[in-house]
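Listed below, chain by chain, are the residues.
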Amino acid sequence: MVRLDVDIGALRLKNPIMPASGTFSEDLADVFDLDLLGAHVTKTITRGFRDGNPTPRVCEVGGSMLNSIGIPSKGVGYFLENVVPFYQGYKTPLVVSISGNTADEFAQLCAEVSVPGVDAIEVNISCPNIEEDGKAFAIRPSSTFEVMTKLRRATSLPLWAKLTPNTGETSEVARAAEEAGADALVVANTILSMAIDIRTRKPKLGNLMGGLSGPSLKPIALRMAYQCARATKIPVIGCGGISTVEDAVEFLIAGASAVQVGTATFINPTAMVTMIDDLRHYLEAEGLSSVREIIGTVEDGEQREGIVFMEAAP
Amino acid sequence: MSNIHHLTPPPRTAYELELEVLSNEAVNGEYRLLVLNAPRGLLERCRAGQFFHLLCPQMGGQAPYLRRPMSIYGFYPEREELHFLYKVTGEGTRALAMLRRGHGLNVLGPLGKPFTIKPEWEQLVLAARGVGLATLAPLALEARRLGKELTAICSARSESVLMSVDLFRHMGANVITLVDEDGSSSVDNVEAVLNTLIDGPGIDAFYTCGSNRLLKLLQKVGTRHGIPGQIALEQQMACGLGMCHCCVRPFRKDGGIVNLRVCREGPVFDIQEAVAW
């Protein structure tokens, strides 16, 4: 029997497949038994009520998706009263995704959701920080370190830092999160993007710009997961464009200890369940007894000082 | 936390299934009827006003990527048939039109809140235009099953694209057809038709879908005469299940405006709560 269980710090998951925040909710229980998953990851919540962005909030681009949902949230009170009890009906660990406009607000919410029934907190530091003129905390190592330090003090639960691809300092941001006490890194969030209707000349999203997710994001997220796994000693959870078991295995080989599946669930609600089955079959076919045997096994030769981009042929 | 009350996980209510295409034919110059072979158990779960989220085939390209919501036109457990009526308007419906007998189509559903018919409502009136009538067609079946009187006000650009008239008649509905060609579909005339019905057999409830003008008119007439109603709304969706919050629309509720998910809190809403677009 192949073993699928993995450890994310002190938290043991029965398999490495879990949903990405924002693409999962209690509603998915209509389609399959949620206890099949490695973990449950909630949609990001905020302290107070948030209505979200104007519509249209989604459009498709070349086999991927742009969204500008805008983190609608019913607030922490509603969450503790209704959502946490729902997930307590399951054995699967509950990971709560949180966001705040300022580091202090973030830390306060972190403390508020540190309640029995919650097994880890995923901090969405990829969203705009009001104190930093709208730049996401995770764009820079300094703001990442600052907010993660405050979050670390606010809870004793495992803290997962969800990083952004909208940075040029991936490894530095990852190390800053680790130094500030993150227990794991979720790599990564959506990439800032845009689409325009050439007939009306209007942006296709009501918020003008949005986040790219789906298969187009995968090579970028995979590269980041690889960089983060090399730059830190804490577990990396791969996230970005994972639609099939092959995608998931690529992330595991690159160094991720688990993966999150997002947009693929919109296309096939049972995508995660299929992936868990397929992962078992893949490992059996490879003659392996545990998924742990493939984590971080990328054949990348000697570690290089830096990345040299090949120039395009003339 | 001591006040946490454990909830029992809900049972499955929606299914992701690959269904076989039985036929996919043009019914007039604009609309096509897609008939799928579906398990009886799935069809017995369907209700008028609900929808399926269709994974449109990718014919030689990447698009369409996201699923497309499609209201149920007909569900017949005894024949194991699920029907969708659609108009080819974009990449998703263009891809659907490519399906041939024997092809598979991945569907997710049934989804969303259905229409309701209260026991005390005897005289039902549905009014819609174009493909909006497709969404209301199963309501006629339900009305017949419940022994209700139904009047269907079917509006269209021309006689040639009037939808579902025969179906409504077959269900025993009193059908009134109105078209742009002779001006009979004007808002004023629809209002006159409604007033005639109110003065005659009376109207206990309205049902509509798809037309902003009809929505406003039914809200006005409903308010004036105290007639309740329901509307099935459409909105672009990603997940169809309530997870993504893409498909919100504004509604009047509790003295203010709130955003509700069309896929989850709808697609059927109280007609007076809907905000015209």
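Residues numbered from 1 in each chain as written. Chains lettered and ligands numbered in written order. Predicted model: local features only at pLDDT ≥ 70, side-chain atom pairs only at ≥ 80, totals over all residues. Heavy atoms only, no water.

- Looking at an unreviewed UniProt entry, chain B carries the name Dihydroorotate dehydrogenase B (NAD(+)), electron transfer subunit, with the source organism given as Nitratireductor thuwali.
- The UniProt entry for chain B carries the following comment under Cofactor (unreviewed entry): "[2Fe-2S] cluster". (UniProt positions renumbered as here; feature names shortened; annotations may be inferred.)

- Naming follows an unreviewed UniProt entry, where chain A appears as Dihydroorotate dehydrogenase of Nitratireductor thuwali.
- The UniProt entry for chain A carries the following comment under Subcellular location (unreviewed entry): "Cytoplasm".
- What UniProt states about chain A under its Sequence similarities (unreviewed entry) heading is, verbatim, "Belongs to the dihydroorotate dehydrogenase family. Type 1 subfamily."

1. Thoughts on the pattern of salt bridges
All names here are of chain B.
Reasoning step 1: Applying the stated rule across the entire model yields 27 salt bridges over all chains.
Reasoning step 2: Note that Arg-67 and Glu-16 form a salt bridge whose closest N and O atoms lie 3.7 Å from each other. Of the two residues, Arg-67 is situated in the loop between strand E3 (51-55) and strand E4 (68-71) and Glu-16 in strand E1 (residues 15-26); the sequence distance between them amounts to 51 residues. The same class applies to Arg-67 as to Glu-16, namely buried. (Salt bridge = Lys/Arg side-chain N within 4 Å of Asp/Glu carboxyl O. Helix = DSSP H or I, 4+ residues; strand = E, 2+ residues; numbered from the N terminus. Buried < 20%, exposed > 50% of the residue type's maximum accessible area, 1.4 Å probe, protein only.)

2. Digging into a nonpolar patch on the surface
Reasoning step 1: A contiguous nonpolar patch, built from A:Leu192, A:Met194, A:Ile196, A:Leu208 and A:Met209 and spanning about 490 Å² of accessible area, is present on the exposed surface.
Reasoning step 2: Within the element layout of this structure, A:Leu192 appears in strand E11 (residues 191-194). (Patch = residues over 30% accessible without salt bridge, like charges linked within 9 Å, V, L, I, M, F, W, Y side chains within 5 Å. Areas by Shrake-Rupley, 256 points an atom, 1.4 Å probe, with all protein chains shown as cover.)

3. Topic: the interface of chain B and chain A
Reasoning step 1: With 37 residues of chain B in contact, the opposing surface of chain A contributes 43 residues.
Reasoning step 2: Between the two partners, chain B and chain A, sit four salt bridges.
Reasoning step 3: A salt bridge links A:Asp27 to B:Arg261, with the shortest nitrogen-to-oxygen separation between them at 3.4 Å.
Reasoning step 4: Here chain B and chain A share 15 residue pairs in polar contact (both at pLDDT 80 or more) between them.
Reasoning step 5: Elements supplying a minimum of two residues to the side of chain B that touches chain A: strand E7 (104-111) and strand E14 (256-261) of chain B. (Contact = heavy atoms within 4.5 Å. Polar contact = N/O pair within 3.5 Å; in protein donor to acceptor, adjacent residues only side chain to side chain.)

4. With respect to the UniProt feature "active site" (unreviewed entry) in chain A
Residue and element names in this part refer to chain A.
Reasoning step 1: Mapped onto this numbering, the UniProt entry annotates "active site" (unreviewed entry) at Cys-127.
Reasoning step 2: Overall, Cys-127 belongs to the buried group, its relative accessible area being 7%.
Reasoning step 3: Cys-127 has contacts with Ile-71, Ser-99, Lys-135, Ala-136 and Phe-137, leaving out every residue within four places of it along the chain.

5. Section: helix H4 (residues 170-179) of chain A
Reasoning step 1: Turning to H4(A), its buried residues number three or more, namely A:Thr170, A:Ser171, A:Val173, A:Ala174, A:Ala176 and A:Ala177.
Reasoning step 2: At the exit of H4(A) stands A:Gly181, carrying a positive phi of roughly 110°.

6. Describing the packing of helix H5 (residues 187-199) of chain B against helix H6 (residues 212-225) of chain B
All names here are of chain B.
Reasoning step 1: As a packed pair, H5 and H6 sit with axes 11 Å apart at the nearest point and diverge in direction by 35°. Both H5 and H6 take part in a crossing whose hand is right-handed. In this structure, H5 uses Val-187, Val-190, Glu-191, Leu-194, Asn-195 and Ile-198 to contact H6, whose residues at the interface are Arg-213, Leu-214, Leu-217, Leu-218, Lys-220, Val-221, Arg-224 and His-225.
Reasoning step 2: Residue composition of the contact of H5 with H6, grouped by class: eight nonpolar, two polar and four charged. (Axes fitted to C-alpha atoms, helices over the stretch in contact; angles between N-to-C directions. Left-handed = near helix turned anticlockwise from the far one by under 90°. Nonpolar A, V, L, I, M, F, W, Y, C, P; charged D, E, K, R; others polar.)

7. Some words on the side chain of A:Thr92
Residues and elements named next belong to chain A.
Reasoning step 1: Here Thr-92 is to be found in the loop between helix H1 (76-87) and strand E7 (94-98).
Reasoning step 2: A residue is classified by how much of its surface remains accessible, and Thr-92, at 4% relative accessible area, is buried.
Reasoning step 3: A distance of 2.9 Å separates the side chain of Thr-92 from the side chain of Lys-14, its partner in a polar contact.
Reasoning step 4: Engagement of the side chain of Thr-92 in a polar contact is seen with the side chain of Asp-35, the distance being 2.6 Å.
Reasoning step 5: Beyond its immediate stretch of four places on either side in the chain, Thr-92 contacts Lys-14, Leu-34, Asp-35, Leu-37, Gly-38, Ala-39 and His-40.

8. Section: the sheet that holds E4(B)
All names here are of chain B.
Reasoning step 1: Spatially, the seven strands line up as an open sheet ordered E4-E3-E7-E1-E2-E6-E5, and their pairing is antiparallel. The sheet is open, and its two borders are formed by E4 and strand E5 (74-76), each paired with just one other strand. Looking at each pair of strands side by side, their axes are set apart by 35° on average, direction ignored.
Reasoning step 2: Packed onto the sheet, helix H3 (residues 132-145) meets E4, E5 and strand E6 (81-87) and runs at close to 40° relative to E5. (Pairing = 2+ DSSP bridges.)

9. What about helix H8 (residues 271-285) of chain A?
Residues and elements named next belong to chain A.
Reasoning step 1: Taking 1.5 Å as the rise per residue, H8 with 15 residues should run 21 Å; its terminal C-alpha atoms sit 20 Å apart, in good agreement.
Reasoning step 2: Along H8, the residues that are buried comprise Ala-271, Met-272, Val-273, Met-275, Ile-276, Leu-279 and Leu-283.
Reasoning step 3: Downstream of H8 by a residue or two, Gly-287 has a phi angle that is positive, lying close to 75°. (Expected span 1.5 Å × (residues − 1).)

10. As for the packing of aromatic side chains
Reasoning step 1: Summed over the entire model, instances satisfying the criterion amount to eight aromatic pairs over all chains.
Reasoning step 2: Centroid distance A:Phe86 to A:Tyr87: 5.1 Å. Interplanar angle 90°. Geometry classified as edge-to-face.
Reasoning step 3: Classification of A:Phe86 as buried rests on a relative accessible area of 10%.
Reasoning step 4: Between the aromatic rings of B:Phe115 and B:Tyr207, the centroid separation amounts to 5.6 Å while the plane-to-plane angle is 85°, which identifies the pairing as edge-to-face. Of this pair, B:Phe115 sits in the loop between E7 and strand E8 (123-129) while B:Tyr207 sits in strand E11 (residues 205-209), placing them 92 residues apart in sequence. (Phe/Tyr/Trp six-rings, centres within 6.5 Å; stacked < 30°, edge-to-face > 60°.)

11. Section: the environment of B:Leu133
Reasoning step 1: Note on placement: B:Leu133 falls in helix H3.
Reasoning step 2: A residue is classified by how much of its surface remains accessible, and B:Leu133, at 0% relative accessible area, is buried.

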